[in-house]
Amino acid sequence: MEYLDKLDYVIWLPLLLWVALYFWFWRFSYPLFMHKMVKKGQRWAYVSGSSAEIHSRKAKLRLLNFVFSLVASVALSVSVCWLFRRFGICEPVYGLVAIAPAMVLAAVLYSIAMGRIAAMFTSAYFLEYRKVRYETESKGTFMSEPDIHNRTIWSYNKKLRHAQEHRRFWKYVRAMAKTKKIPPDVYAETMY
């Protein structure tokens, strides 16, 4: 009987697995999303490495995402089965049906994590865009919009590559995304 009482604490294990799965998606499997965004032509997406490295990482990350999602889903369904058995709501076998909604929940967690990644990288990119635009306008150099975007992509990728080489990639991207030191618009006062 003491063993069953200890299982009351184990019931929280699937919740910890779902939190770990979310942070796995957010921190380690973002290259899948970034590669898809690069193919769509998003300028803020950053993928490091050669195309061969990217393809080998993509296959491994897809497999790991599926395996981790399946493990978290099975753990959730086992805990649901145990709850059904403990409280006698219905047959414990019906708890195995929880695997399918749990996999859907994993897909939702993935989309939430990738939305957070997209927002962070987008704000970091547009900070760099405002810096490049401010530098060119303050020097009196007039560049077309595509030239400003190309220069921004070049400097943005260079800074992220440099941060990755020095093992401070996430710290740098987060700092860029959360910065409050936004360069002013030189011509904003003349527009009103």
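Look a little higher up for the structure.
J.: In this structure, what is going on with the overall build of the chain? I would like to understand it.
T.: Looking only at helices and strands, one finds seven helices and zero strands in the chain. In sequence order, the chain lays out its α and β elements as α-α-α-α-α-α-α. Classification of the 192 residues of the chain by burial places 34% in the buried group. For the chain, the proportion of contacts with a sequence separation of at least 24, taken over those separated by at least 6, is 72%.

J.: Which parts of the structure should I look at to understand helix 7 (residues 169-178)?
T.: Residues that lie three or four places apart on an α-helix share one face, since the helix turns once every 3.6 residues. Among the residues making up helix 7, those that are buried are Phe 169, Trp 170, Val 173 and Met 176. Buried residues of helix 7, viewed axially, fall in a sector of 130°; they line one side. Exposed positions of helix 7 whose direction lies more than 90 degrees from the buried face are Lys 171 and Lys 178. At its buried positions, helix 7 is contacted by helix 2 (13-27), helix 3 (30-40), helix 5 (99-139) and helix 6 (145-165).

J.: Hey, could you run me through the nonpolar core in this one?
T.: In this structure, Trp 44, Ile 117, Phe 121 and Phe 169 are the most contacted members of the largest nonpolar core, which totals 34 residues. When contributions to this core are tallied by element, the ones reaching two or more residues are helix 2, helix 3, helix 4 (51-87), helix 5, helix 6 and helix 7. The residues contacting Ile 117, other than those within four sequence positions of it, are Trp 26, Tyr 30, Phe 33, Met 34 and Trp 170.

J.: Would you mind going over the side chain of His 149 with me for this structure?
T.: Among the secondary structure elements, His 149 is positioned in helix 6. Given a relative accessible area of 13%, His 149 falls into the buried group.

J.: Explain the pattern of salt bridges here, please?
T.: Side chains that differ in sign of charge can pair as their charged atoms come close. Within this structure, the stated rule accounts for three salt bridges. A salt bridge links Arg 133 to Glu 137; the nearest nitrogen and oxygen atoms lie 3.0 Å apart. With a gap of four residues between them, Arg 133 and Glu 137 both fall in helix 5, about one helical turn apart. Residue classification places Arg 133 among the partly exposed residues on the basis of a relative accessible area of 25%. Among the residues examined, Glu 137 registers a relative accessible area of 10% and is labelled buried. Among the salt bridges present, the one from Arg 133 reaches Glu 145, with a minimum N-O distance of 2.8 Å. Here Arg 133 is found in helix 5, whereas its partner Glu 145 is found in helix 6, with twelve residues between them in sequence. For Glu 145, a relative accessible area of 34% translates into the label partly exposed.

J.: Would you mind going over the packing of aromatic side chains with me for this structure?
T.: Both the distance between ring centres and the angle between the ring planes are used here to describe each pair of aromatic rings. What the rule picks out here adds up to 17 aromatic pairs. A centroid spacing of 6.3 Å and a plane angle of 80° characterise the contact between Phe 23 and Trp 26, whose relative ring orientation is edge-to-face. Taken as a pair, Phe 23 and Trp 26 lie in helix 2 at a separation of three residues, close to a single helical turn. With a relative accessible area of 40%, Phe 23 lands in the partly exposed category. On the accessibility criterion, Trp 26 (7% relative accessible area) is buried. With centroids separated by 6.1 Å and ring planes inclined at 80°, the aromatic side chains of Phe 126 and Tyr 129 adopt a geometry described as edge-to-face. One end of the pair, Phe 126, and the other, Tyr 129, are both in helix 5, three residues apart, so they sit about a helical turn from each other. Taking the ring centre of Trp 26 as reference, the NZ or CZ of Arg 116 above it sits at 4.2 Å.

J.: Hey, could you run me through the side chain of Ser 155 in this one?
T.: Position of Ser 155 relative to the elements: it lies in helix 6. Assessed through its relative accessible area of 10%, Ser 155 is described here as buried. Not counting the four nearest positions on each side in its chain, Ser 155 is found in contact with Glu 128 and Val 132.

J.: Honestly, helix 2 in this entry has me stumped. Any pointers?
T.: Here helix 2 spans 21 Å end to end across 15 residues, near enough to the 21 Å set by a 1.5 Å rise per residue. Within the span of helix 2, buried status applies to Pro 14, Trp 18, Leu 21, Tyr 22, Trp 24, Phe 25 and Trp 26.

About the criteria used
- Residues numbered from 1 in each chain as written.
- Predicted model: local features only at pLDDT ≥ 70, side-chain atom pairs only at ≥ 80, totals over all residues.
- Heavy atoms only, no water.
- Helix = DSSP H or I, 4+ residues; strand = E, 2+ residues; numbered from the N terminus.
- Buried < 20%, exposed > 50% of the residue type's maximum accessible area, 1.4 Å probe, protein only.
- Contact = heavy atoms within 4.5 Å.
- Arc of directions from axis to C-beta.
- Core = buried A, V, L, I, M, F, W, Y, C linked by side-chain atoms within 4.5 Å.
- Salt bridge = Lys/Arg side-chain N within 4 Å of Asp/Glu carboxyl O.
- Phe/Tyr/Trp six-rings, centres within 6.5 Å; stacked < 30°, edge-to-face > 60°.
- Lys NZ or Arg CZ within 6 Å of the ring centre and 35° of its normal.
- Expected span 1.5 Å × (residues − 1).

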